[in-house]
Amino acid sequence: QVQLVESGGGLVQAGGSLRLSCTASGRSSSLNAMGWFRQAPGKQRELVATVTSGGTTNYADSVKGRFTISRDNAKNTVYLQMNSLKPEDTAVYYCAAGPVYNMYNVWGQGTQVTVSS
């Protein structure tokens, strides 16, 4: 059974940086697409960034130019480098994976990112 384990969340000041990591364990060979979503209290979950095993990336307009997603296929790990953080970025960030882009059927438990103003 595949499990996703996230790390790297925390509290930072506006303008600061964080790097999130997510590692897939178990039968993960078919997880070609991996990505990050986030959800703030009282709001809908939204896509942040995704990356396929071939290196194709996709970003939400709100994070373009500030966040960078990457993956190490050999390690089954995806990263999210977050720079120039804003209070609006405060949310629980969830790692997700699936067989193809936009078909995410494996989810992590989430990691809290809090950006102070």
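Please refer to the structure placed before this passage.
**Re the environment of Lys-64**
Looking at the secondary structure, you find Lys-64 in the loop between β6 (57-59) and β7 (67-72). Taking the C-alpha atoms as reference points, Lys-64 and Gln-112, 48 residues apart in sequence, are found 20 Å from one another. At a separation of 3.2 Å, a polar atom in the side chain of Lys-64 contacts the side chain of Asp-61.

**Remarks on the environment of Tyr-59**
Looking at the secondary structure, you find Tyr-59 in strand β6. Along the primary structure Tyr-59 and Trp-36 are separated by 23 residues, whereas in three dimensions their C-alpha atoms are 9.6 Å apart. The residues touching Tyr-59, leaving out its near neighbours within four places in the chain, are Val-48, Ala-49, Lys-64, Phe-67, Thr-68 and Ile-69.

**Some thoughts on the layout of surface pockets**
It is a probe the size of a water molecule, rolled over the atoms, that shows where empty space is left. Here the largest pocket defines a volume of roughly 190 Å³. Residue lining of the largest pocket: 14 residues in total, with Arg-38, Lys-43, Glu-46, Glu-88 and Asp-89 positioned closest to the centre.

**A few points about the pattern of salt bridges**
As enumerated under the stated definition, the model contains four salt bridges in all. With its nearest N and O atoms 3.0 Å apart, the salt bridge here joins Arg-38 to Asp-89. Linking Arg-38 in strand β4 (residues 33-39) with Asp-89 in the loop between β8 (77-82) and β9 (91-98), this pair joins segments that are 51 residues apart in sequence. Each member of the pair, Arg-38 as well as Asp-89, carries the same accessibility label: buried. One salt bridge connects Lys-64 with Asp-61, and the closest N-O pair in it is separated by 3.2 Å. Through salt bridges that share partners, Arg-38, Glu-46, Arg-66 and Asp-89 make up one connected network.

Rules behind the numbers
Residues numbered from 1 in each chain as written. Predicted model: local features only at pLDDT ≥ 70, side-chain atom pairs only at ≥ 80, totals over all residues. Heavy atoms only, no water. Helix = DSSP H or I, 4+ residues; strand = E, 2+ residues; numbered from the N terminus. Polar contact = N/O pair within 3.5 Å; in protein donor to acceptor, adjacent residues only side chain to side chain. Contact = heavy atoms within 4.5 Å. 1 Å grid on protein atoms, 1.4 Å probe; cavity = no way out; pocket = protein on both sides within 12 Å on 5 of 7 lines; lining within 4 Å. Points joined across faces, edges and corners; volume = space filled by probe spheres on them. Salt bridge = Lys/Arg side-chain N within 4 Å of Asp/Glu carboxyl O. Buried < 20%, exposed > 50% of the residue type's maximum accessible area, 1.4 Å probe, protein only.

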